[in-house]
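The residues making up each chain are set out below.
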Amino acid sequence: MTHSDHPSPLEARCSGPLTGKARVPGDKSISHRALILGALSVGKTRISGLLEGEDVLNTAKSMRALGAEVDRTGDFAWVVQGVGVSGFAEPQNPLDFGNSGTGCRLVMGAVAGCPITAVFDGDASLRSRPMRRVLDPLELMGAKTRSSGEGGRLPLTLAGARDPVPITYRTPVASAQIKSAVLLAGLSAPGVTTVIEQEASRDHTELMLKHFGAEIVSSKEGAHGRKIALTGQPELHGADVVVPADPSSAAFPIVAALIVEGSDIILPDVMTNPLRTGLFATLREMGALLEETEVRGDAGEPMAQIRARASKLRGVEVPPERAPSMIDEYLVLAVAAAFAEGTTIMRGLHELRVKESDRLAATAAMLRVNGVSVEISGDDLVVEGRGHVPGGGLVATHMDHRIAMSALVMGLASDKPVKVDDTAFIATSFPDFIPMMRALGAELS
Ligand code: S3P
């Protein structure tokens, strides 16, 4: 299956200026982590601004199934009553993570340190994604896994370690999910669990662990890497978490505003952690009018109000070491690149092949079917920007929310409308995307 049971197609047409202020939903990475760390803490965790998208709601359900109390107390307001480190109870039924690699892999780490057995499963997209990368270090720590899918794929059974072993682990690819899984398992291990990454990936797990009372030290490793050392068996205490707006979701209205003539939009409280803002840096290099004001921070996570205005963009070269800080944004960057003048070369995109879909192939297909000249060369993507996009294509979304949103953004400024075959998966990360874009002036029907 490559789409939902009842696909909902949608068309985006050339729109008048996008204007106004819009609040994009809470950050997905932080929302997953707030629920998981809340569940592994003693006492109450109050979360405001939680992303109420399907991915995060599946993590909330899995925390309940593992014994935590998780309640919605108002709009985007949730309270978690945790069970403490290593305190998960064995779930009665398989844990279903739907479309979410993050929820699934982080919870695998958290379960790996508890003496319980759980079955992990997900939708067709998640069942096709590699899990070995997480199972390898968790097995070194003492977990036992049995998978009925090829190469450790879902569905799989994970038996957590009775006596987890702290390890020093070099991640084979820059992945916050692998790093976080090891650290979450390391919470239950005696002594220090260390993760070394050659390229620094998003550090929300480290920042939030500190916020909940863990002893965790992060230091530089080589030119772009980090070494993270966590002291195991801490007592984590419930904490308040304010979830900032998700920069990966903000990326869609921002690029839309840059390419639709006359646009001028404002997005408040967008997280600006430097390990997440590679897209903003790249867009600025392309000539984007992007301003950050009202800069502030909460629990180590910086945020700012972002103003984006219609801009004349030019092609640029994006270096491979920037990939971890914008790994989810290449699809929508490729849209901006198609509207720019000149060639944009995005280097080192191998990880895009193992996301919710093969995003390298999907990006090229999305552009090609809309008349944009694009080439995949090894792990690089080369987009020929001609200042305008012919459009007129039907884009296959492959159960991938970011393909659907990127294609719709493209249609707002292309010569002919752009149609997507299924918008259902947008609800995994940005449930109000369509009404929010319409309120800004987008022609979507
Ligand atoms: C995420 C990490 C990234 C990213 C994903 C969210 C996280 O995946 O693509 O959307 O919250 O840790 P990888 O760690 O596999 O690169």
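Computed from a predicted structure; not experimentally measured.

(A) Structural detail: the sheet that holds strand β16 (residues 289-298). Judged by pairing direction, the sheet is mixed, and its four strands sit side by side in the order β2-β15-β17-β16 without closing on themselves. Either end of the sheet is taken by a strand with one partner, and the two such strands are β2 (19-21) and β16. Across the sheet, the mean angle separating the axes of adjacent strands is 20° when strand polarity is ignored. Across six bridges, the pairing between strand β15 (residues 264-271) and strand β17 (residues 301-309) is antiparallel. The residue bridging I265 from the neighbouring strand is A308, located in β17. On the sheet, helix α9 (residues 278-285) packs against β15, β16 and β17 and is oriented at approximately 155° with respect to β16.

(B) Structural view of the pairing of strand β19 (residues 341-346). By the bridge criterion, two bridges tie strand β18 (residues 317-318) to β19 in an arrangement that is parallel. Looking at the pairing, E317 lines up with I345 of β19.

(C) Representation of the pattern of salt bridges within the structure. With the rule as written, the count across this model stands at 30 salt bridges. Of the charged contacts, one joins E351 and R133 as a salt bridge, the two residues approaching to 2.9 Å between their closest N and O atoms. A residue pair is termed long-range when its members are at least 10 positions apart, and E351 in the loop between β19 and α11 (359-368) and R133 in helix α5 (residues 132-140) qualify at 218 residues. Looking at R133, the relative accessible area reads 17%, which means it is buried. R322 is the partner of E285 in a salt bridge, and the nearest nitrogen-oxygen pair spans 2.8 Å. Pair noted here: E285 is in helix α9 and R322 is in the loop between β18 and α10 (330-339), with a separation of 37 residues, a long-range link.

(D) Highlighting the packing of aromatic side chains. Taken as a whole, this structure holds three aromatic pairs when the rule is applied. Ring centres of F97 and F120 lie 5.7 Å apart, and the angle between their planes is 10°; on these two criteria the pair is classed as stacked. Separated by 23 residues along the polypeptide, F97 in the loop between β6 (95-96) and α3 (101-112) and F120 in strand β7 (residues 117-121) bring together distant segments of the chain. As far as burial versus exposure is concerned, F97 and F120 are alike and both buried. The interplanar angle of 80° and the centroid separation of 6.2 Å between the aromatic rings of F252 and F433 together place this pair among those described as edge-to-face.

Criteria and thresholds
Per-chain numbering applies: the sequence of each chain, read as written, is numbered from 1 onward. Local features are withheld for residues below a pLDDT of 70 in this predicted model, meaning they are given only at 70 or higher, and side-chain atom pairs are given and counted only at 80 or more; totals for whole chains, interfaces and linings count all residues. With hydrogens and water set aside, each side-chain value is computed from the structure's full complement of heavy atoms. Strands are labelled as partners when DSSP assigns at least two bridges between them. Here a helix means four or more residues in a row that DSSP labels H or I, a strand means two or more in a row labelled E, and each is numbered from the N terminus. Under this scheme, a helix contributes an axis fitted over its contacting stretch, all axes are lines through C-alpha atoms, and angles between N-to-C directions fall in the 0 to 180 degree range. Any two residues whose heavy atoms approach within 4.5 Å are treated as being in contact. The term salt bridge refers to a pairing of a side-chain nitrogen on Lys or Arg with a carboxyl oxygen on Asp or Glu at a separation within 4 Å. Exposure is judged per residue with a 1.4 Å probe applied to protein chains only, and the accessible area is read against the type maximum: over 50% gives exposed, under 20% gives buried, and values in between give partly exposed. Working definition: a ring pair exists when centres of Phe, Tyr or Trp rings (six-membered ring for Trp) sit within 6.5 Å. Plane angles under 30 degrees give stacked, over 60 give edge-to-face, the rest tilted.

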